[in-house]
Every structure is written in C-alpha cells, then in structure tokens.
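Breakdown of the fold
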Amino acid sequence: MDPRSPLVIDTHELKRRAGSQREVSFTAPAPADLGIDVIGVPEGDPIQFDLRLESVVEGVLVTGSATGRLVGECARCLVDIEDEFLADVQELYVYPESEAEPDEASRMEGDLIDLEPALRDQVVLALPFTPLCTDDCPGLCPECGTRLADEPGHQHENGIDPRWSALGGLLQQNERPQDK
Ligand SMILES: [Zn+2]
Ligand SMILES: [Zn+2]
C-alpha cells in the first residue's frame, strides 16, 4: 500500500478507540481503468468522497459516498455521452492483526486504508449496463450510418424505411439469379 496514493487514507487520528469517529471530505483523482469498455471515469478526473470513518472493535468502518463524472459513448448511435455516478461506500477495514478474515483488500496496513478496491467494485456496479444518449435512441441508419436522432424521417430514395432497408437488400440479392 502506497501512503502517497490519494486513495490511501490514514486513520491514526481515531487512535483505535472503538466508537471514535471522524468525517472526511476530499477529492482524489480517478485511477486508470475505472470503468468498462463503453463507459467509465476518465483517469485523473476528480472524484468527490464524503466519508465517515468509525473505529470499531475489529477495525475501521467506512461509510459514505463517492461521486464523479462518467464519460462514454451511446451503445446505439456511438455519440459521446457524459453522466454522473453516485457510488455508495460501506466497507469494514480490519486491523492487520485482527483474526477476522475479510477480503485481503480490506485489511489495513498499520493505520492505512486503501479505498481503491472498494471504489472499483462500487463504480462498476453503478455503471449503466448499456449506456444510451436517450432512452429511445433510434441508433444509426443501417444503410448510410446517419445518426437517426439528428434527422427525424431520414429515408433513402427507394422509400423504404431505413430500418428495413438492410433486409430489403438481402432479398434483392437472393432474387437476382431468377431475373435472368
Ligand atoms: Zn444514441
Ligand atoms: Zn441512411
């Protein structure tokens, strides 16, 4: 654990007295690869943390929230989209010598806590499974790639609704040998 990492916090002020607590608010730059292929938090983007650190018998309970910006692209029309996330943080970090067996990520080193693993889990949970620019985004014209939301009523000369024209093209190809 790197004490200089902005996501590593020091809890020594709690002095390991069960019941003592402290509220902390800070921003930290997002680590790399926080997200999935289509949407995520840009590396270095500020993430706002509002946390309560509470000393308990086995360690330190951290509760609160992390908020920030998501950047990605619409799964249907590929336009850039921007959104916000709100991730709940609720994690028990146990003292190094505690006999409790948390995930290794939740074990403290001295008085230090690494927020990054819990942040990753919670941000990925908060991501939209299929990011869309609008709930009813009509996507792209299968024939020419025009973004249909920009051109309501978009049509090609054959007068066929572009959503069906890809299918029409297939039928024409199949018919051609018989035309001769
Ligand atoms: Zn879209
Ligand atoms: Zn088109």
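Below or above, wherever it landed, is the structure these notes cover. (Residues numbered from 1 in each chain as written. Chains lettered and ligands numbered in written order. Predicted model: local features only at pLDDT ≥ 70, side-chain atom pairs only at ≥ 80, totals over all residues. Heavy atoms only, no water.)

Topic: the packing of aromatic side chains
Across all of its chains, the model carries 1 aromatic pair by this definition. Look at Phe-26 and Phe-49: their rings are 5.0 Å apart centre to centre, the planes differ by 15°, and that puts the pair in the stacked class. You can see Phe-26 sitting in strand β2 (residues 21-29) and its partner Phe-49 sitting in strand β5 (residues 46-55), a full 23 residues away along the chain. Judged on exposure class, the residue Phe-26 and its partner Phe-49 are both buried. Between Arg-16 and the ring centre of Tyr-95, over which it is positioned, the NZ or CZ distance is 4.0 Å. (Phe/Tyr/Trp six-rings, centres within 6.5 Å; stacked < 30°, edge-to-face > 60°. Helix = DSSP H or I, 4+ residues; strand = E, 2+ residues; numbered from the N terminus. Buried < 20%, exposed > 50% of the residue type's maximum accessible area, 1.4 Å probe, protein only. Lys NZ or Arg CZ within 6 Å of the ring centre and 35° of its normal.)

Here we look at the coordination of the zinc ion (ligand 1)
For a metal with four tetrahedral donors the ideal donor-metal-donor angle is 109.5 degrees, while six octahedral donors give ideal angles of 90 or 180 degrees. On the protein side, the zinc ion (ligand 1) has Cys-74 (SG), Cys-77 (SG), Cys-133 (SG) and Cys-137 (SG) as donor atoms, found 2.3 Å from it. In this structure, the zinc ion (ligand 1) is surrounded by 4 donor atoms whose angles at the metal cover 105 to 116°, and the resulting shape is tetrahedral. In this structure Cys-77 comes out as buried when scored by relative accessible area, which is 6%. (Donors = N, O, S within 2.8 Å, 3.2 Å for Na, K, Ca; no water. Tetrahedral: all angles 85-135°; square planar, octahedral: opposite > 155°, others 65-115°.)

Remarks on the coordination of the zinc ion (ligand 2)
In the first shell of the zinc ion (ligand 2), the protein supplies Cys-141 (SG), Cys-144 (SG), His-154 (NE2) and His-156 (NE2), at 2.0 to 2.3 Å from the metal. What the 4 donor atoms of the zinc ion (ligand 2) show is an angle range of 103 to 115° at the metal, which sorts the shape as tetrahedral. Each donor residue of the zinc ion (ligand 2) lies on one chain, and together they are spaced C-x2-C-x9-H-x1-H. For Cys-141, a relative accessible area of 3% gives the class buried.

Shape is all these values report; function is a separate question.
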